[in-house]
Structures are given as structure tokens and as C-alpha cells.
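Below are the chains, spelled out letter by letter.
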Amino acid sequence: MEKKDKKYWLSLDHLHDTKGYRRNLRDRYHEENGETGGDFTRRSFLGIMGASLALAGLAGCRRPVEKIVPYVIMPEEVIPGVPQYYATTMSLGTSAYGIIVESHEGRPTKIEGNPKHPSTLGSANIFLEAAILGLYDPDRSKKVKHNGAESAYNDFISFWREQELKFAANKGEGLAVISESFSSPTLMRLRNDFLKKYSNASWVCYEPISDENNHKAVGQLTGRPLQPVYHYDKADVVLSLDADFLLTENENIRAARGFAEKRKPDDNKTDMNRLYTAESAFSVTGSMADHRLRISSADIGRLAFAIADAVRKRGLNIPGVFETDISDFNKEWIEALADDLNGAKGRSLIIAGSRQPIRVHQIAMILNEVLGNIGQTVTYHNANDAIAPDMEALKSTIAKMKSGAISTLIILGGNPVYNAPADLDFASALSKCENSVHYSDYLDETSKLTGWHIPRAHFLESWSDARALDGTLSVIQPMIEPLYGSPSDTELYALLASGRNQRGYDIVRETWQNVLKGGEFEKKWRKVLHDGLLADSALPNEIIKLNVAAIESPKSEKELSNDNLELNFYSSKLYDGRFANNGWLQELPDPINKLTWGNAALLSPKTATELAVANGEIVNIEAGSAKLEIPVWISPGQADYTVAVALGYGRGGIGAVADGVGANAYLLSNSNNPSFYRGVRLTKTGAVMNMAGTQDHGSMHGRPIVREATLNEYRSNPEFAEEMVEHPPLKSIYPEHDYSQGYQWGMVIDLNACIGCGACTIACQSENNIPIVGKLQVSKGREMHWIRNDRYYVGDENDPKIVHMPVACQQCENAPCESVCPVAATVHDKEGLNNMTYTRCIGTRYCSNNCPYKVRRFNFFNYTGKYAETIRMAQNPDVTVRSRGVMEKCTFCTQRLNRAKIKARQEGRTVRDGEIQTACEQACPTRAIRFGNINDPDSIVTAMKKIDRNYALLGEFNVRPRNSYLAKIRNPNPKLGKTEDKETG
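Just so it is clear, the structure is predicted and the values come from calculations on it, not from any experiment.

Details of the overall build of the chain
What the chain contains, in helices and strands, is 31 helices and 41 strands. In terms of C-alpha radius of gyration, the chain reaches 28 Å, essentially the compact-globule figure of 30 Å for 985 residues. Along the three orthogonal principal directions, the C-alpha set of the chain runs to about 90 × 75 × 65 Å. The burial tally for the chain puts 61% of its 985 residues in the buried class. The contacts in the chain between residues at least 6 apart in sequence include a share of 75% that link residues at least 24 apart. Each charge sign in the chain was given a centre, from 116 positive and 120 negative side chains, and these centres are 2 Å apart.

With respect to the side chain of N834
Here N834 shows up in strand β35 (residues 834-836). Side-chain polar atoms of N834 contact the backbone nitrogen of C812, separated by 2.9 Å. Once you skip the residues sitting within four places of it in the chain, N834 turns out to touch C809, Q811, C812, A815, E818, V827, H828, K889 and R962.

Concerning the environment of L424
Turning to its location among the elements, L424 is positioned in the loop between α15 (416-419) and α16 (426-430). Here the alpha-carbon distance between L424 and S669, two residues 245 residues apart in the chain, equals 9.5 Å.

Quick look at the nonpolar core
Residues I111, L460, I621, V643, L682, W745 and M805 are the most contacted members of the largest nonpolar core, which totals 150 residues. The element best represented in this core is helix α5 (residues 126-135), accounting for eight residues. Once residues within four sequence positions are removed from consideration, L460 is found in contact with T88, I99, V101, I111, I132, L135, P478, M479 and I480. Residues V237, Y276, I363 and A759 belong to the second largest nonpolar core, which totals 68 residues.

Details of a negative patch on the surface
A cluster of like negative charges, contributed by E719, E722, E723 and D948, occupies part of the molecular surface. Within the fold, E719 resides in the loop between α22 (711-716) and α23 (720-723).

Re the packing of aromatic side chains
For the structure shown, the criterion picks out 30 aromatic pairs. Measuring from ring centre to ring centre gives 5.5 Å for F127 and Y575, while their planes differ by 80 degrees; the resulting arrangement is edge-to-face. Here the residue F127 occupies a position in helix α5, and Y575 occupies one in the loop between β22 (565-570) and α20 (583-587), the gap between them amounting to 448 residues. Look at F127 and you get buried, because its relative accessible area is 8%. Under the relative-accessibility criterion, Y575 is labelled buried at 6%. Among the aromatic side chains, those forming a connected cluster through ring pairs are W160, F182, F194, Y198, W203 and Y493. Note that K142 overlies the ring of Y484, its terminal NZ or CZ placed 5.0 Å from the centroid.

Some points on the sheet that holds strand β33 (residues 801-807)
The antiparallel open sheet is built from three strands, whose spatial order is β1-β32-β33. Each edge of the open sheet carries a strand with a single partner, namely β1 (8-9) and β33. Pairing of strand β32 (residues 788-794) with β33, which is carried by seven bridges, proceeds in the antiparallel orientation. What sits directly across from R791, in β33, is H804.

So, the sheet that holds strand β4 (residues 107-113)
Strand pairing in a sheet takes place through backbone hydrogen bonds and is either antiparallel or parallel in direction. Within the open sheet, the three strands sit side by side as β2-β3-β4. Their pairing is antiparallel. Both outer strands of the open sheet, β2 (84-92) and β4, are each paired with one neighbouring strand and no more. On average, each strand axis in the sheet is inclined to that of its neighbour by 35 degrees, with strand direction left out of account. Here strand β3 (residues 95-104) pairs with β4 via six bridges, running antiparallel.

Describing the state of the cysteines
Scanning the model with the defined rule gives zero disulfides in all. Lacking any disulfide linkage, C433 is separated from the closest cysteine sulfur, that of C205, by 18 Å. Of the residues examined, C433 reaches a relative accessible area of 9% and is grouped as buried. Free cysteine: C893, not disulfide-bonded; nearest cysteine sulfur from C764 at 6.1 Å.

Thoughts on the environment of N568
With respect to the helices and strands, N568 occurs in strand β22. Residue N568 is classed as buried on the basis of its relative accessible area of 1%. The sequence separation of N568 and T642 amounts to 74 residues, and the corresponding C-alpha distance is 7.2 Å. Setting aside residues up to four positions removed in sequence, N568 forms contacts with S280, S297, R355, T642, V643, A644, V645, S675 and F676.

Notes on the packing of helix α6 (residues 153-168) against helix α17 (residues 489-498)
Geometry of a packed helix pair, given as the angle between the helix axes and the separation of the axes. The contact between α6 and α17 brings their axes to 9 Å, and the two run at 30 degrees. Judged on the interaxial angle alone, α17 and α6 are roughly parallel. Across the interface between the two elements, Y153, F156, I157, W160 and E164 from α6 touch L492, L495, L496 and S498 from α17. When the residues that make up the contact of α6 with α17 are grouped by side-chain class, the tally is seven nonpolar, one polar and one charged.

Some remarks on unusual backbone geometry
We note that A612 has phi near 55 degrees; this positive angle belongs to a residue other than glycine. Examined against the element boundaries, A612 turns out to sit in the loop between α21 (605-611) and β25 (617-623). Of note in this structure, C893 is not a glycine but carries a positive phi near 50 degrees. For C893, the position within the fold is in the loop between β37 (887-888) and α28 (894-906).

Digging into the packing of helix α7 (residues 185-197) against α17
Packing of α7 against α17 leaves a shortest axis separation of 8 Å and a crossing angle of 20 degrees. When the axes of α7 and α17 are compared, the pair comes out roughly parallel. Two packed elements cross with a definite hand, and for α7 against α17 that hand is left-handed. Note on element contacts: α17 touches α7 through D489, T490, Y493, A494, L496, A497 and S498, opposite T186, L187, L190, D193, F194 and K197. Of the residues contributing to the contact of α7 with α17, the split by class is seven nonpolar, three polar and three charged.

Re the pattern of salt bridges
Scanning all chains against the criterion turns up 57 salt bridges. In this structure, the salt-bridge partner of D390 is K216, at a minimum N-O distance of 3.4 Å. With a gap of 174 residues between them, D390 in the loop between β16 (386-387) and α14 (391-403) and K216 in helix α8 (residues 212-222) connect regions that are remote in the sequence. Between R294 and D640 there is a salt bridge whose closest N-O contact spans 3.3 Å. One end of the pair, R294, is in strand β13 (residues 291-294); the other, D640, is in the loop between β26 (626-634) and β27 (642-646), with 346 residues separating them in the sequence. The partly exposed category is assigned to R294, whose relative accessible area is 24%. Each of E180, E207, D441, R456, D489, D576 and R578 takes part in a single network of salt bridges with overlapping partners.

Regarding the side chain of D137
Tracing the sequence through the fold places D137 in the loop between α5 and β5 (145-146). One buried charged side chain, D137, makes no salt bridge at all; its nearest oppositely charged neighbour is K142, positioned 7.1 Å away. In this structure the side chain of D137 is engaged in a polar contact, spanning 2.6 Å, whose partner is the side chain of Y442. Those residues in contact with D137, other than ones at most four positions away along the chain, are Y442, Y484, N581, T870 and I871.

A few points about helix α13 (residues 358-370)
The terminal C-alpha atoms of α13 lie 19 Å apart, and with 13 residues this matches the ideal 18 Å at 1.5 Å per residue to within 8%. A large share of α13 lies buried, amounting to 10 of its 13 residues. Those residues of α13 lying buried are V360, H361, Q362, I363, A364, M365, I366, L367, N368 and V370. Contact partners of the buried residues in α13: α8, β11 (237-241), α11 (300-312), β14 (348-352) and β15 (378-382). Just downstream of α13, G372 is the residue with a positive phi angle, here 75 degrees.

Thoughts on the environment of N850
Note on placement: N850 falls in helix α26 (residues 846-850). For N850, a relative accessible area of 34% puts it in the partly exposed group. With 35 residues separating them in the primary sequence, N850 and A815 have C-alpha atoms 9.3 Å apart. Those residues in contact with N850, other than ones at most four positions away along the chain, are P816, S819 and V820.

Some thoughts on the pairing of strand β10 (residues 226-230)
The element β10 is extensively covered by neighbouring structure, given that four of its five residues are classed as buried. Where β10 lies against β15, five bridges are found, and the strand directions are antiparallel. Residue pairing for β15: P228 is matched across the bridge by Y380.

Here is what the cut-offs are and how they apply
- Residues numbered from 1 in each chain as written.
- Predicted model: local features only at pLDDT ≥ 70, side-chain atom pairs only at ≥ 80, totals over all residues.
- Heavy atoms only, no water.
- Helix = DSSP H or I, 4+ residues; strand = E, 2+ residues; numbered from the N terminus.
- Rg over C-alpha atoms; globule rule 2.2 N^0.38 Å.
- Buried < 20%, exposed > 50% of the residue type's maximum accessible area, 1.4 Å probe, protein only.
- Contact = heavy atoms within 4.5 Å.
- Lys, Arg positive; Asp, Glu negative; His and termini not counted.
- Charge placed at Lys NZ, Arg CZ, Asp CG, Glu CD.
- Polar contact = N/O pair within 3.5 Å; in protein donor to acceptor, adjacent residues only side chain to side chain.
- Core = buried A, V, L, I, M, F, W, Y, C linked by side-chain atoms within 4.5 Å.
- Patch = residues over 30% accessible without salt bridge, like charges linked within 9 Å, V, L, I, M, F, W, Y side chains within 5 Å.
- Areas by Shrake-Rupley, 256 points an atom, 1.4 Å probe, with all protein chains shown as cover.
- Salt bridge = Lys/Arg side-chain N within 4 Å of Asp/Glu carboxyl O.
- Phe/Tyr/Trp six-rings, centres within 6.5 Å; stacked < 30°, edge-to-face > 60°.
- Lys NZ or Arg CZ within 6 Å of the ring centre and 35° of its normal.
- Pairing = 2+ DSSP bridges.
- Axes fitted to C-alpha atoms, helices over the stretch in contact; angles between N-to-C directions.
- Disulfide = S-S within 2.5 Å.
- Parallel < 35°, antiparallel > 145°, perpendicular 65-115°, else oblique.
- Nonpolar A, V, L, I, M, F, W, Y, C, P; charged D, E, K, R; others polar.
- Left-handed = near helix turned anticlockwise from the far one by under 90°.
- Expected span 1.5 Å × (residues − 1).

Written as C-alpha cells, this is what we have:
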């Protein structure tokens, strides 16, 4: 069971209580860390408040002069002030995520998951939630460019028709297309039409982050283009081989939901799963593991073969696998894992990460086969409508470009000048092409070097379709007219294939005429548009047989040291860089290292000590002739002598948000080893950078925060969570609030399900018009997020465990913020909400100082005052846009509460359980956050508060928070529990 003196720490500085940590903690709440600094104190501020209030009263008498344009003819199905909801789909790689978009008078403002769609199940991830800001990004490309000069789309159409005549005779000889990956019946149809018309042309697919190796492994072992679908909700034992399936791998929402469904220690009907991970850098999946093995990425392959060998020794027939040297591995870890896998035949699951080479994916498939998992925890579906990246095809195309064999190159999406492997020198090859076209969201690094640049329509402005990994067909339909008149993917693909400038709607309907057969097309089509998908269109499971030849186990590489480091690239919260100009994502703290506004070279404490580098010191990463200057960030849990760098940063000239943020790791990339390689050195430059990290923000000064136990400990003492803190009987001098006649809103957060992904934070930001504040203000502790995700380490500083804890306003019954506000700006309402009255707030910040949870945000600046007009379009009209000088915090999405209560009152009833979902609850992929009426004995939140694991955060202060937490339960293998339970402090 969790020891009372067990120490949870936010950072190494926090663990060792350094002077820097104490200084930062003091400065964060110091008087002179205000907006103006110097001698401007709170006392002088209050001294001028009388005059300010008098002026405010005078100004309040002035009527604003505004001009409005009324509806002469009311648009169909539009009621001013009442939001409408429409279904569509967001594609990312070969994944398709069904979403519901909230729209106000034709203006999309919020994205949620579509409950009917198998890839979202009503939830979302950070990319879906932030996509609404991408639609309104003022830096999006607006004009067609030809040789750097402004042109028009009709001019490009004329150009392409000339090219058609040119390539008609030779069937496209000298013509090449490079596209992003997709899984779309319409786009695949148009691609096939193009290649049929231009049979000598080439069409290759490239993205730096993809499932290429997985697709190739499946193809080699089955001889067919199949797509695996993993069923985490059926797996009792899960092994992740460098696969961050909870955050960065394909279908992460569905994976997180399934994983959480098997993570319920209170459910007597379901066995709690056990997760093993092997990885070099701490990932979200690794943070949830019961057993995590720190290992370099290049050694994952040898480990996979060692595991296969251990499984084979337990009587399973594994063809083509040879013994490998495991002398430098944790033998006890491998043996315990092999026992678990052998004991869970048909109920286990092995996943190889997309960064791993083909043979690791093949070993994972073979293990799933011999363990009886195929058809149970993993199924395979036809992938004929999907096109995946192919590095070898890209190399061949670039070689032809350099030789002059390609005269016309068309790049559909992507940004290969920025993110193609550096050794391929794509920019040089591009200069050899007589004609070049780039179709993209921004006038980016590639667009600036091509002859033609075509602005790309956002998916919320487009017609198209997509197929989910299980085969479910869904439609992409526009929520708004294209803001800049840009063509959609469907329209441009059709132009290339047929030479005709068609409407996207007509093109998609043409595809679906062959899908919705059997009559009544219009009725079926309207149903698809309403639901966003075609019901029951998932493809059947394919019966597969593996054709396994001898797979040679990888050999040991040169031993790592501080002179021979391994460099790893990983997908960031900016994905591959396409979301770099999205301020919400830039300011979202990384789930593990908590960095914002930039990336870093992540090193283990041991490696940093040997190299004598500290956080923020800029080093030069040298990989052959390639070099990159980047600051260091010490990351507990990182494999020794490995360097991990996030992709997607170091952009230049694309937009005000992205430019100059972070370092471009693609400058070190290599086409032969695109994800990791060895032989790297680090040298100090002597420079230091101020890093905007939030890992020490919100510190609760060593108070007992987290409750956790092992599964066996929990079952032997189910009430351990409340027993962790001893306190006398709690009494209050304040009278009890009476909720007997109405609602009492509350929330429960299950720490056992929370993965720390940040979807709740971005969803809250989108719903509640929360501004970004920038790197400087974040470094001062002034981020504005109303819900933060604290990440706590526990245990050995080189190899710790992690606990994630979302913290928002706890909606206290005895709220310490309310009693200190001199103007009653923060008040308790009859339903238990701790409300903020912005017009009363005078910015004393007494409430923030008195809040033990540090969840109140002071709005120092008028962050929204200089928003571009398009950014203003993204704001929720049901939520006040705050100006400077007021305190902000979580409101339980009171606008959603009021909307549901009005509807219920109109229908003569009370609000039903589940009818209201806060933005964080709705987005959460694991359903870790649940909200509802505590007065309702049948509500989900009431039931969860009755679970033994339920406890109040800092409940010993008698502030009586209505938010509570369910303690975290780990499920370690008893054979490994004692050897891994090393603690510090």
C-alpha cells in the first residue's frame, strides 16, 4: 500500500529541494512578479481604485453605438443564439476520426467526438479539439502564387490543361505526384483514374510519421494489403514495444478507451489488465505501465526476439525466430512477461511502435499468432482504400528528380522540403524540376521553392469521405464556406484526374452512388450526412495465414556511451509540424516533460551528469556532418546514453505562432534510419536558453496529493485512500448549504483511467474562450488553462513511475476564495457552483493566494484585444470574453448547465443524468472525468463517489471540495513487484 512518507515530485529540483526551485516558487507568488514590477504594489493599486471605479460607473452610462443587420429571410434551420450540431470527419494519416461540430449561425466553434463513430466513441484527442483554431488561423495561405507573384486558381487550371496536352502523348512520362497518406474511397478512385490516364507517371506517398513499417510487415507476412485493428478492451496482458498507443499511434482514442475499460479494479466482472512497456523515452503509454523497461530504441528488436525465445521455451511453436543474446537485458523481466503471455492465450496483445523496423512488427505479429490473439485481441481488415508512405519509392522519385527525368512534380499536402530526411536533400532535387506545384495550408518551406502554390481548404470547408481502420465509411462535409475560396483535396484531385473543375459535393456523391445501392439513394444519403457515417459499414474480419520465413534476429550494436549516443525522434503535440502554428498546442504542456513553446534534447539524469549539462544549456548534436543546436532538458526515466528530440519545431516563415519556436530535428534525420540511430555526440556551446516549463507550477508544497496502491493491497484494504491522511473530526464555523430542493453539481476523476493526454485542457480552452499567453508569460507561471494536468514522479530518479492528476477548481463547499474577496466577486450559488462575477473583480488576487489548489488564473494582460477577426470567429458566443485584470477559473461549463436546464424546464422535467457533459468530460478518451448531480442517487457521479477509492484532494483542510478523485491502482506482476519498487525520499 502507498506509504505515508512516499514522496511524489514534480521535477528533479523539487525532489532535491534546490535553491532554484525555492526561488522559482517564491517568485511565482511574489508581489513584484506582477504586470508592471518595480514599486507598483497591491497597496498602490488599491489606492487608485476609487478613481477607477468612479470612471467605470460613468462609462457604464454610455450606450454602445452598434449597427446590426437583421435577417430579412430567416435561413433554414437556423435560430439565432441556438447552436446547431453537424457530423463530419477529420482524417489524419490513414485514420479517420468521426466528429460532431457545434456551429453558431454558420460559424463552427467547437469540436467533439461522434458517439456513433468507432474511432472516437464520443471522445477526442488534442488534434481534434485544436482543429477549430486551425480553421480560423489568420496565417493560413489565402492566395494562389505563381513564381512568387499573386495569381488565381483559374490560371492554375489553364496551366494544368496545358500539361494534360503535353502528357497525353507519352502517358505521363516525366510526371510525378507526391501525396500525403489517406484512407478515402473518393480520393483512391481519383488517384486510380489519374494513374489509368497517365500510366507512365508515378504517385508516391510520404509522411514522416506513419505506419509504413507496420503495413509492410503485414504485407510481407500475409501477401495482402491489410490493416490491423487492436482490441485493448479484450486484452488482459498488453506488451508495448516502443508503441505509444495511448497518444501518438493511430487510433489512439479508441485504444485509450479500450485500455481504460480493462483498467477497472472495482469491477468484479472484469479482470484488471497488466501493461508492460519497453521504450527509451518516457511516453504516455509508458507512464501507465505496470512494468516499464528502460531500453534504447535500437535494442527493442533484440528484446522482442528474446521475448519470443522465452515464449517458445514454454512450448509454443515460433518458426523463424533465432535465439539472441540477452546477457545485457533484465532476464527476470523477460521471464515474468513470458509467463504472463503464456497464461493469457487469446487474451494478450503485443504491439510494435511505428518507429520500429519491419522485423519488430513481424515478431509482434508472430507472437500474436502463436498466442492465439489474432481474431481475438487483434483483427485484420482490407485496406484497399488506404495509401501508406513508402520511403523507398520516395528515394527513387527524388533520384529521378535529380537526374532531370521528372519535368513536372505535384506535391499534394505535406512539406517535404522541411520534413523529408535531410540526406535526401529534397530542396536540391526540387530545383531540377521544370514545373512544380505545392498544394498546402500555409505558404511554407516547400511552397516557397515551387513554381505554383495552391492554398488548401481546411477539412471543415471541404467535401470528401474517409474509411476508419475497421472499415467504417464516413463522410467529410463542410461546416462553413471556404474562408479564402481555396479548393478542397477532392476538387484538386479531380482536376488532376479529369481536367475538369468540379464541385466537391458532386464528386463525393458520384462515389457514394456505388456505395448506397439498392434504391432510395437520397434517403440513404441524407441519413449518412446526418450521422456522419454509414451504419454497419465496418469490413469483415479477414482470415489470415502468416507466411513466415526465417527472420534473422538483430545483432548487438556498438555499446552506448557519452561519446556514442543514440538519437531518437518522436512525434510531438505538433504531430509532424503541420500544427506548429496552432497556439493552443504550442502552449499545451507536454504530458511528460511539461515543456511549452519549444522542444529540447531529452537526457537521463545519469547522462546529463556525465556530460555536465543542466536544463536549458544549449548543446550541439553532431551526427556525422549534420549538426543541430538545441537546449537540454533532463528527463527522469529516459534510457541512459539516448537523446530524444520532438519533431515538428524549428519552422520559419509560415506564421506568427510557429516561427522561431524550437529546433528543427529533421535536419538530423536519415532515410536509412528515419526514427533513431547511434553514433551521435553532444558538445556544449556555452549558451543558455530560458525554457517555458510548467512542471513546478501548481505545487502544493509537499502536501499529500496522490493516493495509490497495488491491486492486491487495494483488495486487502479497500478504504486505504481515506486512511492515508490522519486528521481530527472536521467541523466548520460556516452554515451548511442547502441543496435539498435542487441540483448539486460535482465531479469525480479516476486517476486509474487518466492518461494525462491533455485533451481535457484543449477542450476547456476551446469551449471557454481561454487565451494563450505566450512563452514569456508561461515562464512566469501565468498560463491561463482552467484545468491543468499535474504529472508526479515517484521512486528512483533515474527510473521512476508516473501518476497523472488533472486539477481544476474543486468547487469547495467551504471555499477559502469566497471569504477573502473584498468585493464578493467569487460567490457560492444555490447549486453549489463557485461563481466568478467578472464585473466585480478588481484583481486583488486574494482568492488565488487563499486557494490551496492553485487553480485560479489572473488575467494580467488583454490577451484577446489584438485577435485577428478570424480568431474571434472561433470564440464561443455563450461565454464571456474576459479582459485584463480579472480572475478566471473552471465554471463547470456553466453555459452548458444553463442550456440543459432551460431545455428541461421547457419540457417540464429535471435534467437527466448524462444530459450535461462538461467540455473536459466530453473530450476525455478514457472517461476518467465524470460530472453530474450529486443529489441524484442514480447518477454516475454519485455512484463513483461511493467507490472505496474515492477521496477528497486536501480534504483535511475542511474546504469540502465537491470534486473528488478515485485512487490509482497498479497491477504489478508479483514476481517483479518487489524488485521494481525502489523509492527515493
